[in-house]
Structure formats: structure tokens, C-alpha cells
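Understanding the architecture of this molecule
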Amino acid sequence: MATTSRKRPARSAKNTEELLGYYRQMLLVRRFEERTAQAYTEAKIGGYCHLNLGEEATVVGLMAAIEERDYLFTNYRDHGYALIRGMDPGRVMAELYGRQDGVSRGWGGSMHLFDTDVRQLGGYGIVGGQLPLAAGAALAVSYRDGDEVVMCQMGDGTTNIGAFHETLNIATLWDLPIVFVVVNNHLGMGTTVEMSSAEPELYKRAASYRMESARVDGNDVVAVRDAAKIAVERARKEQKPYLLETVSGRLRGHSVVDPAAYRSKEEVEAVRAQDPVAGLHDQLIAAKAADADQLAEVDADVHRIVKAAVEFAEKSPAPEVSSLFDYTYASPVPNDSRRLPADPLFPVGA
Ligand SMILES: Cc1ncc(C[n+]2csc(CCOP(=O)(O)OP(=O)(O)O)c2C)c(N)n1
Ligand SMILES: [Mg+2]
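Let me begin by describing the structure that accompanies this report. (Residues numbered from 1 in each chain as written. Chains lettered and ligands numbered in written order. Predicted model: local features only at pLDDT ≥ 70, side-chain atom pairs only at ≥ 80, totals over all residues.)

Notes on unusual backbone geometry
Where we set the bar: Secondary structure counts use DSSP, requiring at least four H or I residues in a row for a helix and at least two E residues in a row for a strand, with both numbered from the N terminus. The burial label depends on the number of other C-beta atoms within 10 Å of a residue's C-beta. Counts of 20 or more mean buried, 12 or fewer mean exposed, and intermediate counts mean partly exposed, with C-beta atoms placed from the backbone.
One non-glycine residue, Ala43, lies in the positive phi region at around 60°. By the element assignment, Ala43 lies in the loop between helix H1 (13-41) and helix H2 (56-65). According to the C-beta neighbour criterion, Ala43 is exposed, with 7 such atoms within 10 Å. Although it is not a glycine, Arg105 adopts a positive phi angle of roughly 55°. Looking at Arg105, the number of C-beta atoms within 10 Å reads 17, which means it is partly exposed.

Looking at the packing of H2 against helix H8 (residues 221-238)
So the rule is basically this: Structural elements are reduced to axes, namely lines fitted to C-alpha atoms, with helices fitted over the stretch in contact, and the angle between N-to-C directions of any two is expressed from 0 to 180 degrees. The scheme is simple: roughly parallel for angles under 35 degrees, roughly antiparallel for over 145, roughly perpendicular for 65 to 115, oblique for anything else. Each crossing is labelled by how the near helix is turned from the far one, with a counterclockwise turn of less than a right angle marking it left-handed and a clockwise turn marking it right-handed. Our contact criterion uses C-beta atoms placed from the backbone: two residues qualify when those atoms are within 7 Å. Residues were grouped as follows: Ala, Val, Leu, Ile, Met, Phe, Trp, Tyr, Cys and Pro as nonpolar; Asp, Glu, Lys and Arg as charged; and all remaining residues, including Gly, as polar.
Look at H2 against H8: their axes get within 7 Å of each other, and the N-to-C directions meet at 40°. Taken together, the axis directions place H2 and H8 in an arrangement best described as oblique. Between H2 and H8 lies a crossing whose hand is right-handed. Residues Ala57, Thr58, Val60, Gly61, Leu62, Ala64 and Ala65 of H2 form the contact with H8, whose participating residues are Val221, Val224, Arg225, Ala228, Lys229 and Val232. Its residues placed into classes, the contact of H2 with H8 shows 9 nonpolar, 2 polar and 2 charged.

Some remarks on the pairing of strand E5 (residues 150-155)
Convention followed: The pairing criterion for strands is at least two bridges between them, as found by DSSP.
Burial of E5 is extensive: 6 of the 6 residues sit out of reach of the surface. Burial along E5 is two-sided: the face carrying Val150, Cys152 and Met154 and the face carrying Met151, Gln153 and Gly155 are both buried. Pairing analysis gives 3 bridges linking strand E2 (residues 71-75) to E5, with the strands arranged parallel. When the sheet's bridge partners are listed, Phe73 is paired in E5 with Cys152. Bridging between E5 and strand E6 (residues 178-184) involves 6 bridges; their strand directions are parallel. Bridge pairing links Cys152 to Phe180 in E6.

So, the environment of Glu56
With respect to the helices, strands and loops of the structure, Glu56 is situated in helix H2. Each C-alpha atom of the pair Glu56 and Tyr23 lies 9.3 Å from the other, and the pair is 33 residues apart in sequence. Apart from residues lying up to four places away in sequence, Glu56 is in contact with Met26, Val29, Arg30, Gly80, Pro276 and Val277.

Just geometry here; none of it tells us what the structure is for.
Rendered as C-alpha cells:
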């Protein structure tokens, strides 16, 4: 096990360009999530809704480490991953709105973003639910002698779920090409890692399963990318699982409706001081890679993308009620009840 260092690469035009690209992506996640929170409070979005605010460097760094051919599973905090993995922002927003043009035709919603085109196979609302499924995908890859890798993201709270231990155990026993990523934002809803985990250095959990692991600063996009690349390469070349822990913060409540009253003002200030988007902004200026006007232009561009996404979602129609049972079963089921909500239990006159 190793803790990854924060050594920065020498500055070059390529690095500068790369960093600016990451800044644009992180800002896209930031502005998309802020707009999502607004749409939720306007009751345009229903159901549960969890944001990646504060996790932008982690999201972008992880997505820079996997390739198109690789597969991704995440928990319900999935909007940012979808955007950076390549789902169209308008179709993601339409999904949050529950509209027909959403990536899952409006049936999945915020927690279940799924798009086989970009090999993002959900979005799972059950804590730890994605782990056994991701292991199954990795088993399929291995069975077919493929060279794809499965990345399975989860939160810190997930490391105390039975499925976490069962899946890590089997992943080592079966030499699965899978990278488990624990996004440690210090909180599972309102419970801190220290209150819930006897070993709060979560990457050390991998030792129980003889699995390589590392911990990295989740607010440093390049450090996350480089640490994740090591993990992905090991999974791809050696067919060995890996556990990567990224440490960052959650800027808002657990979900959009959570005021997070359990956090003190000082704790919130400490998280804000580590804000990865503001941090990269200042880093770019200090390194003279860009000036404030250029970065404001990036922000304006991103605002346009998010505005267009909202307009697309607003215009998309709601799914037909008659399609409520579509996509439930792969093939017709005999005697399947097609009763819609509010339909009488027995047809009148029957
Ligand atoms: C099996 C299960 N138990 C409880 C819940 C309720 N729940 C939803 S999110 C959550 C906290 C998970 O925290 P963490 O894994 O750290 O993820 P984060 O929300 O920080 O991304 C809990 C307990 C659930 N969805 N599924
Ligand atoms: Mg958490």
C-alpha cells in the first residue's frame, strides 16, 4: 500500500492545455450542479437528488484515467461522472427532469444515470448495490479475455456495507480487472468517517483482501488522475483489483433537501477553503497559465452549455402514462397486470 505523493509535473504547454481542459470540465460539473439545485427548489426536478459539489477534481481526475472501452459504475451521486464520461448535458438534465429525451427516457432520474454508449452502467440508489454488479461486469470481461477495466465508484459510508467486503474478497480470489474507488467526503449523510469506521484510513481496508491500495488528495485533479492511472494499469495489465481512496469534501448537504445543520460553521469553512474549483483557478493564475479574463470566458462558455441543457430539458415532453410499463421486462409476461395508478382494482362491471 502506498500514499500517493503530490509531486507536480514540470510546467509545459501540454500540461497547461491539459490543466485548462480539466478546469473547464470541473467548472461544467460545478455550474451544472448549481443549476440542478436551483431547478430542484423550483420543483422542476423531483425525487432524490445528490450533487458532486466539492468533488469536481475527483470526478474529472478519475474520468481522465479510464478509456472509452472501460466501464463505469457509480453510486447515486452521479451527475458529474455522466457529464465528463460524455453523456450529453441536455439529455442528463432531461433525465433529472423526468422527461422523454433523458438518457433513460426519464424513467431513471438523478440516481440512475445509465448510458451504454459511454459504458456508464448506473447510477445506484442502494448503498453498495453497484459493487456486486461491477464485479459481475469485471468477471464478464475476464471470462472473454477482454482488456477493458471496470471502475466502481462509491462513498466512504459504503465501506461498512456487507457487499463491500464480499465483493473485494471475490475480486482478489478471481483476479478481476476492477478498480474500486472510495470517494471519501468525510460523511455518510450526517455521520463522519471517524464515527462510523474503526479504521478511518479507508484505503487500508484493502489489506484484508490482499489488494493493492492508495490514498490520494481528491482536491488535486492531476494527483487523482495519476493515482487512478496506476490502479487502472494494474487492473488492465495484471488482472488484479485495486482500491483507491480519494479525500475531498462535500460543499453542501447530503442531498439537495439537506440543510446539513449537523456541521459547524468552522467545518463548513474548512471544506470551502479546500474548494477544488477555486484552487485550480488560483493555481492557473499563479502559474500564469491563464489570466482572470480567460478563465471568466471559460465560465461564460460553461454557463451557455448549462443554460442550453436546461432549455432542452424544459422543452422535452413528459413520458406518456401508457408507457409506464415499458422497459420493465425484456419479453412479454403472461397475465401481467397493466393497471395504471388510480385505475380500479377490478374493472367496473366485472
Ligand atoms: C443499503 C442502504 N442503506 C441505507 C441507505 C440510505 N443512505 C443513502 S445515502 C447514505 C450514505 C452513504 O454515504 P457514502 O457512501 O459516504 O456516500 P456519499 O453520499 O457521501 O456520496 C445512506 C445511509 C441506502 N440508500 N441504502
Ligand atoms: Mg461520503
